[in-house]
Amino acid sequence: MPAIQPPLGVKTQAALPVRVPLVTQPMGVLASLRAARTNLLSIIPDIATRQPMVSGRTGKRWHMVMDPGALRRILLEKLDNYPKSDVTKNLLRPAIGESLFIAEGAHWRWQRRATAPAFSHRNVSNLAPVMTDAAGRTLGRLLAQQGRAVNMYDEMVATTFDVISEVTFSDDQGIDRGAVHDAIEQYISEAGKVSLFDLFGLPDWIPRPGRLISGKAMKDTKSLADRAIEARAARQSTGVPDLLDLLLAGEDPDTGRRMNTAEMRDNLLTFIVAGHETTALALSWSLYLCAFDPAVQDEARAEAQRVLGGRTGFEAGDIPKLGLIRRIVDEALRLYPPAALVSRTARQADELCGRKIRPGDTVMVPIYALHRHHQLWDDPDAFRPDRWADGGKIDRYAYLPFGDGPRICIGASFALQEAVLILATLLAGFRFTSVKGRAPDPVMILTLRPEGGVWLEAEPV
């Protein structure tokens, strides 16, 4: 589905960054399926950006919830009544098993307690040099491509995978990191497409063609990860502990339980997928928006250069001084949230926004619509990083790029630190300009990606 493009030439006050055309007419089951396989966001009705809740039936009863109070109930107050939907679990279980992202109840809680120390502020800050080193290598690649348009989405995927593979396998030179990346990308592209079987809630033992195509690559990747975990556990690691070291040392403080190899591997693959995909997207959309609004970009560059001074790279301690760059990232995550639509399945009867919820109903949180809701945001489709200058005006449950409640993304601080440090490094060294006729198309399969890439000209400053 084509994105709505801003006018060519000089931008006017009304110019807006690319967005997804939402549904204005009712859709049947087959039309919804066709739309969802092309772009999952294209099934969201436009009215969802103006109403607190929208309900319907497409095979099963469903509800889209945009009211912050109801979202607080779903994500915090009644968390156990709204587990992740079977569709979500069916799509991801073959790749990441019963890891943190999928597990529910007690099985999720002990894993969360065991892995939380790995993502403490201290441990995340210690990984900042890995992030800035990867950003420095990206600068070198951009210098080598002077005079040519560059797909910055590909560059950001390469950069963030460089980071996550280094903080995961820093001491394992025998790991084929490219093979891991290729297998994950293949699984997402083939298995992530919504299946008619999933839409109608058919059991998971019925084969899904897309998952069969990508199954061997994921099986090989799991074997590779198992070998890496067992090899690391058998020897003493030195230097700053990486993510794998921290996970191996983790245990549930309540029970003393530690993860076995399979549990460790499933969570490791979860962190690898989430740890580079979401940050690469946040950076890609941030760079697109900086090129869309050169005045904001120039101001952000001045901030980055002022903070950097005469040093060769940023440090974790610089982040509080990079206020505008952080606001650009926040605004990119608002306009283009990586997990732009998530779904839950109601276990018991409940009531949301005065509407009855029945057991088995699908309850969707269309974060893309929530972040552009006309009752929650001024000028919701506009790129305005200044809106974050006073965060107190924003309802906590109106902005959910990482979810919220007990199941808020465990790696949120890692992702934000990485995004700010890399974006600051890039803006301090280069000026990014849009390529005429190459605006990205926001398309969601599993995540909200810039279809066609983020093509920019990168000029050293």
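Summarised in this report is the structure supplied together with it. Keep in mind that this is a model prediction, so the values were computed, not measured.

### Remarks on the overall build of the protein chain
Looking only at helices and strands, one finds 16 helices and eleven strands in the protein chain. For the protein chain, buried positions account for 56% of its 461 residues. Of the contacts formed within the protein chain by residues at least 6 apart in sequence, a portion of 73% connects residues at least 24 apart. Total accessible area on the protein chain stands at roughly 19600 Å², and carbon and sulfur atoms take up 54% of it.

### A closer look at the sheet that holds strand β4 (residues 342-345)
A sheet is described by the order of its strands in space; here four strands give the open sequence β1-β2-β7-β4, paired in mixed fashion. Single-partner strands in this sheet number two, and they are β1 (53-58) and β4. Strand after strand, the sheet turns through a mean of 25° between neighbouring axes, direction not considered. When β4 meets strand β7 (residues 362-365), the two strands line up antiparallel, connected through four bridges. Bridging across to β7, V342 finds its partner in V365. Against the sheet, helix α2 (residues 68-77) makes contact with β2 (60-65), β4 and β7, and its axis sits at roughly 115° relative to β2, the strand it touches most.

### Brief notes about the nonpolar core
Formed by 136 residues in total, the largest nonpolar core has its most connected members in L41, I44, M152, I325, L352 and F432. Here this core gets 16 residues from one element, more than from any other, and that element is helix α12 (residues 261-292). Residues contacting I44, with those up to four places away along its chain left out, are L22, V23, M64, L341, P366, Y368 and A369.

### Focus: the pattern of salt bridges
Across all of its chains, the model carries 30 salt bridges by this definition. In this structure, R109 and D80 form a salt bridge, with 3.0 Å as the shortest nitrogen-oxygen distance. Of this pair, R109 sits in helix α4 (residues 105-115) while D80 sits in the loop between α2 and α3 (86-96); the two residues are 29 residues apart in sequence, bridging distant segments of the chain. Relative accessible area serves as the criterion here: at 30%, R109 is assigned to the partly exposed category. Taking the relative accessible area as the measure of exposure, D80 reaches 42% and is therefore partly exposed. In this structure, the salt-bridge partner of R113 is D254, at a minimum N-O distance of 3.4 Å. Linking R113 in helix α4 with D254 in the loop between α11 (243-249) and α12, this pair joins segments that are 141 residues apart in sequence. The structure contains a network of salt bridges with shared partners spanning R311, E315, D318 and K321.

### Focus on the pairing of β2
The side chains of a regular strand alternate, residue by residue, between the two faces of the sheet. Most of β2 sits inside the fold, with five of its six residues counted as buried. Direction of pairing for β1 relative to β2: antiparallel, over a ladder of six bridges. Its bridge partner lying in β2, M53 is registered against V65. Alignment of β2 against β7, held across three bridges, turns out to be parallel. When the sheet's bridge partners are listed, M64 is paired in β7 with M364.

### Description of the sheet that holds strand β3 (residues 149-151)
Strand order in this open sheet of three strands is β3-β11-β8, and the pairing throughout is antiparallel. Only two strands of the sheet have a single partner each, and these edge strands are β3 and β8 (430-434). Adjacent strand axes in the sheet meet at a mean angle of 45° when their direction is disregarded. Judged from the three bridges that link them, β3 and strand β11 (residues 455-460) form a sheet pairing that is antiparallel. Paired with V150 across the two strands is L456, which belongs to β11. Taken strand by strand, helix α7 (residues 152-169) contacts β3, β8 and β11, and its axis lies near 50° from that of β3.

Criteria and cut-off values
Just so you know, the residues in each chain are numbered from 1, in the order the chain's sequence is written. Owing to the predicted nature of the model, reporting of local features is limited to residues with pLDDT of at least 70; listing and counting of side-chain atom pairs is limited to 80 or more, with chain, interface and lining totals taken over all residues. The basis for every side-chain value is the complete set of non-hydrogen atoms in the structure, without hydrogens or water. The numbering of helices and of strands both runs from the N terminus, where a helix is a DSSP run of H or I of at least 4 residues and a strand a run of E of at least 2. Per-residue accessibility, obtained with a 1.4 Å probe over protein chains only, is compared with the maximum for each type, and a residue is labelled buried under 20%, exposed over 50%, and partly exposed between these values. Between two residues, a contact is recorded if the distance between any of their heavy atoms is within 4.5 Å. For the accessible areas, the method is Shrake-Rupley and the probe is 1.4 Å, while residue cover comes only from the protein chains on display. Here a strand pair is declared whenever DSSP counts at least two bridges between the two strands. Whenever a helix is involved, its axis is fitted only over the stretch in contact; in every case the axis is a line through C-alpha atoms, and angles between N-to-C directions fall within 0 to 180 degrees. By nonpolar core we mean a set of buried residues, namely Ala, Val, Leu, Ile, Met, Phe, Trp, Tyr and Cys, connected to one another through side-chain atoms within 4.5 Å. Here a salt bridge means any side-chain nitrogen of Lys or Arg lying within 4 Å of a carboxyl oxygen belonging to Asp or Glu.

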